[in-house]
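# Breakdown of the fold
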Amino acid sequence: MTTRAIEILVGLFVAAGFVALFTLAMQVSNLSRLDTSDGYQVTAYFQNIGGLKVRAPVTVSGVTVGRVSRIRYDPKRYMAEVTMDIAPQHDYFSTDTSASIYTAGLLGEQYLALEPGAMPEVLQNGDIIEFTQSALVLEEIIGDLLVRMTTE
């Protein structure tokens, strides 16, 4: 093989590596498409959202049904307000649905998980999810463990 052919093969190998890294970065960054433009928005309030970010997935049983569209602090409730865009085909969640913040994967990406309730009425655009569970913060868990260990 000539030197020129080896250089071309090495160049193709490096280009394939860049394509693979780009694909991996797109998967990790969670930029996959989910059309929520014709869907509806619901809001939930949390004491602590941890590292939850806008565009984080909203899931039910591991299936993505929406995205977090806005996060802000509500000075009247003294809580974080999280607004979610839910895809239009998922218009069947009852009004007693609960929302929890969980951590997924090794990188600690956080997402919102919905647990459907049993009420016959369904969530509408602008409704508030009343039952929420805040994110577990590792520092708080370790602090509680240390306090318990020193008091025993």
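Residues numbered from 1 in each chain as written. Predicted model: local features only at pLDDT ≥ 70, side-chain atom pairs only at ≥ 80, totals over all residues. Heavy atoms only, no water.

Counting buried positions along strand E6 (residues 109–115) yields five of seven residues, so the element is predominantly enclosed. Of the strand pairs in this sheet, strand E2 (residues 57–60) and E6 are connected by two bridges, and their pairing is parallel. Residue pairing across strands places Val58 opposite Leu112, the latter belonging to E6. Pairing of strand E5 (residues 98–104) with E6 involves seven bridges; the strand directions are antiparallel. (Buried < 20%, exposed > 50% of the residue type's maximum accessible area, 1.4 Å probe, protein only. Helix = DSSP H or I, 4+ residues; strand = E, 2+ residues; numbered from the N terminus. Pairing = 2+ DSSP bridges.)

The strand order across the open sheet built from eight strands is E7-E1-E4-E3-E2-E6-E5-E8, with neighbouring strands paired in mixed fashion. Looking at which strands have only one partner, the edges of the open sheet turn out to be strand E7 (128–129) and strand E8 (131–133). Sheet analysis places E5 next to E8, joined by three bridges and oriented parallel. Bridged to Ser98 within E8 is Phe131.

If you look at the biggest cluster of nonpolar residues, it comprises 23 residues, and the most contacted ones within it are Met84, Leu112 and Leu114. Those elements giving two or more residues to this core turn out to be strand E1 (40–46), E2, strand E3 (63–74), strand E4 (79–86), E5 and E6. Sequence-distant contacts of Leu112, defined by excluding residues within four places in its chain, comprise Phe46, Leu52, Pro57, Val58, Thr59, Val68, Val82, Met84, Ala99 and Ser100. (Core = buried A, V, L, I, M, F, W, Y, C linked by side-chain atoms within 4.5 Å. Contact = heavy atoms within 4.5 Å.)

Each assigned domain of the chain is listed here: domain 1 (1–32) and domain 2 (35–142). Centre-to-centre separation of domain 1 and domain 2, based on C-alpha positions: 37 Å. (Domains from an automatic or database assignment.)

Glancing now at the packing of aromatic side chains. Any two aromatic rings considered together are summarised by their centre-to-centre distance and by the angle between their planes. Inspection of every chain in the model, using the stated rule, returns two aromatic pairs. Summarising the aromatic geometry, the rings of Tyr92 and Phe93 are spaced 4.8 Å apart at their centres and angled 55° between planes, so their arrangement reads as tilted. Ring centres of Tyr102 and Tyr111 lie 6.1 Å apart, and the angle between their planes is 50°; this geometry places the pair in the tilted category. Taking the ring centre of Tyr45 as reference, the NZ or CZ of Arg77 above it sits at 3.9 Å. (Phe/Tyr/Trp six-rings, centres within 6.5 Å; stacked < 30°, edge-to-face > 60°. Lys NZ or Arg CZ within 6 Å of the ring centre and 35° of its normal.)

Okay, a nonpolar patch on the surface next. Residues Met1, Ile6, Ile8, Leu9, Val10, Leu12, Phe13, Val14, Phe18, Leu21 and Leu24 make up a contiguous nonpolar surface patch of about 1,200 Å² in total accessible area. Positionally, Met1 belongs in the segment before helix H1 (3–28). (Patch = residues over 30% accessible without salt bridge, like charges linked within 9 Å, V, L, I, M, F, W, Y side chains within 5 Å. Areas by Shrake-Rupley, 256 points an atom, 1.4 Å probe, with all protein chains shown as cover. Salt bridge = Lys/Arg side-chain N within 4 Å of Asp/Glu carboxyl O.)

Moving on to unusual backbone geometry. The phi torsion of most residues other than glycine is negative, and most of the peptide bonds are trans. In this structure, Ser61 is a non-glycine residue whose phi angle is positive, near 55°. Along the chain, the position of Ser61 falls in the loop between E2 and E3. With a relative accessible area of 75%, Ser61 lands in the exposed category.

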